[in-house]
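Given next are the chains, with one letter for each unit.
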Amino acid sequence: MQPEAFSELFPLFDVANPETVEWLLSVATEHEYPADRAVLMEDAWGNAVYFIESGWVKVRRHAGDGAVTLAVLGPGDFFGEMAILDESPRSTDVVALAPVKLLSVSAQRFIQTLFKDSQLHHRMLQLMVQRLRLTNFRFQLRNQPPAIKLANTLATLCEAYGQSSEEGIAIFNIPQDDLADVADISEEETSKIMEKLIEKGWVKVDEAQNAILLTNTKQLSQLAGKS
């Protein structure tokens with residue numbers, strides 16, 4: 001990937017020096033994984049930072065014999081940065097939801113990059129604060145009705161990863177069990193609410209493109225409490 005395209009895809013690097021991006025790409029390693037393949041095992045956190053070029057992944061927390069999806073990440077996002085500073089054992093892993101292409105940069109080299117480029121360091125702090133605010137907002141929604149929780153999850157994914165199409169804003173067709181986990185509601189509630197949103201014409205599922213189309217983002221955002 002060319003430095004200009006990399007900076008355009010990843011908001012983290014939109015203020016970085018071109019030399020920083022070129023050097024980072026020169027030391028990065030490319031990875032490709034099919035759907036359902038583990039991308040990052042729980043014992044590998046802290047070794048590198050991963051950047052999603054294309055495809056989607058889910059971050060899971062293991063609990064007993066099962067696992068709960070904590071987050072769904074798409075193109076232009078990254079993961080693994082917190083574990084570089086936090087050396088405590090992890091009980092989470094990352095699994096590809098769709099065929100995914102990643103770039104990884106070792107922890108040592110990424111930290112070196114942050115120290116060399118103050119603008120990049122500041123941008124990283126900004127994005128980490130944004131993630132913290134999003135986590136806090138989701139916590140505030142814990143007692144809200146399931147429909148509001150799901151609408152907020154869809155609206156947030158749309159803001160982060162949505163792609164414009166003729167029929168609306170498209171995001172990946174996330175499996176309902178993962179969507180339910182992220183929204184913190186049951187899978188049965190997710191299925192019923194999605195049916196209602198489809199009936200209202202606010203959402204459409206395009207099986208051929210493996211996408212969820214948000215056809216009325218204004219109403220969805222209002223339901224989510226974002227406007």
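Each remark here, short or long, concerns the structure printed above.
Residues numbered from 1 in each chain as written. Predicted model: local features only at pLDDT ≥ 70, side-chain atom pairs only at ≥ 80, totals over all residues. Heavy atoms only, no water.

## Digging into the packing of aromatic side chains
Two measures describe an aromatic ring pair: the distance that separates the ring centres and the angle between the ring planes.
Piece 1. Going through the model one piece at a time under the given rule, you end up with 10 aromatic pairs.
Piece 2. Aromatic side chains Phe6 and Phe51 sit 6.0 Å apart centroid to centroid with 70 degrees between the ring planes, which places their arrangement in the edge-to-face category. With Phe6 in helix 1 (residues 3–9) and Phe51 in strand 3 (residues 48–54), this pair connects stretches of sequence that are 45 residues apart. By the burial criterion, Phe6 is buried, and Phe51 matches it.
Piece 3. Taken together, Phe6, Phe10, Phe13, Phe51, Phe78 and Phe110 form an aromatic cluster joined through their ring pairs. (Phe/Tyr/Trp six-rings, centres within 6.5 Å; stacked < 30°, edge-to-face > 60°. Helix = DSSP H or I, 4+ residues; strand = E, 2+ residues; numbered from the N terminus. Buried < 20%, exposed > 50% of the residue type's maximum accessible area, 1.4 Å probe, protein only.)

## Structural notes on the sheet that holds strand 9 (residues 163–165)
Piece 1. Taking strand neighbours across the sheet as the criterion, the four strands line up as 9-10-12-11 in an open arrangement whose pairing is antiparallel. Where the open sheet ends on each side, the last strands, each with one partner, are strand 9 and strand 11 (203–206). Averaged over all adjacent pairs, the angle separating strand axes in this sheet is 35 degrees, with direction ignored.
Piece 2. Bridge count between strand 11 and strand 12 (residues 211–214): four bridges; the pairing is antiparallel. By the bridge assignment for strand 12, Val203 is matched with Leu214. (Pairing = 2+ DSSP bridges. Axes fitted to C-alpha atoms, helices over the stretch in contact; angles between N-to-C directions.)

## With respect to the environment of Glu159
Piece 1. Mapped onto the elements of the fold, Glu159 is located in helix 6 (residues 146–161).
Piece 2. Since its relative accessible area comes to 56%, Glu159 is described here as exposed.
Piece 3. Glu159 sits 58 residues away from Thr217 along the chain, and the two C-alpha atoms are 10.0 Å apart.

## Here we look at the packing of helix 6 against helix 7 (residues 176–183)
The geometry of a pair of packed helices is captured by two quantities: the angle between their axes and the separation between those axes.
Piece 1. As a packed pair, helix 6 and helix 7 sit with axes 9 Å apart at the nearest point and diverge in direction by 105 degrees. With respect to helix 7, the element helix 6 is oriented roughly perpendicular. Contacts from Lys149, Leu150, Thr153, Leu154 and Leu157 of helix 6 reach helix 7 at Leu179, Val182 and Ala183.
Piece 2. Residues that form the contact of helix 6 with helix 7 fall into these classes: six nonpolar, one polar and one charged. (Parallel < 35°, antiparallel > 145°, perpendicular 65-115°, else oblique. Contact = heavy atoms within 4.5 Å. Nonpolar A, V, L, I, M, F, W, Y, C, P; charged D, E, K, R; others polar.)

## Remarks on the nonpolar core
Piece 1. Core analysis: the largest hydrophobic core is formed by 44 residues, its most contacted members being Val39 and Phe79.
Piece 2. Ranked by the residues each element gives to this core, the list is headed by helix 6, at seven residues.
Piece 3. When residues no more than four places from it in sequence are discounted, the contact partners of Phe79 are Val39, Leu40, Ala48, Val49, Tyr50, Ile52, Val57, Leu73, Val94 and Leu102.
Piece 4. Core analysis: the next-biggest nonpolar cluster, separate from the first, contains 22 residues, Phe13, Val21, Phe78 and Leu127 among them. (Core = buried A, V, L, I, M, F, W, Y, C linked by side-chain atoms within 4.5 Å.)

## Points about the layout of surface pockets
Piece 1. One number sums up the size of the largest pocket: a volume of about 1500 Å³.
Piece 2. As for the largest pocket, its lining consists of 43 residues, and the residues nearest its centre are Ala71, Leu73, Arg131, Leu134 and Thr135.
Piece 3. Where the lining of the largest pocket is concerned, the elements lending two or more residues are strand 5 (66–73), strand 6 (78–79), helix 3 (81–85), helix 5 (118–140), helix 6 and helix 7.
Piece 4. A per-element tally of the lining of the largest pocket places helix 5 first, with 10 residues.
Piece 5. Across the lining of the largest pocket, the residue classes tally to 24 nonpolar, eight polar and 11 charged.
Piece 6. In this structure, the second largest pocket occupies an estimated 280 Å³ of space.
Piece 7. Together, 15 residues line the second largest pocket, and Trp56, Pro75, Tyr161, Gln163 and Ala170 are the ones closest to its centre.
Piece 8. Taken together, the elements giving at least two residues each to the lining of the second largest pocket come down to helix 6 and strand 10 (168–172).
Piece 9. For the lining of the second largest pocket, the element with the highest residue contribution is helix 6, accounting for four residues.
Piece 10. Of the residues belonging to the lining of the second largest pocket, the class tally is 10 nonpolar, four polar and one charged. (1 Å grid on protein atoms, 1.4 Å probe; cavity = no way out; pocket = protein on both sides within 12 Å on 5 of 7 lines; lining within 4 Å. Points joined across faces, edges and corners; volume = space filled by probe spheres on them.)

Geometry only, nothing functional implied.
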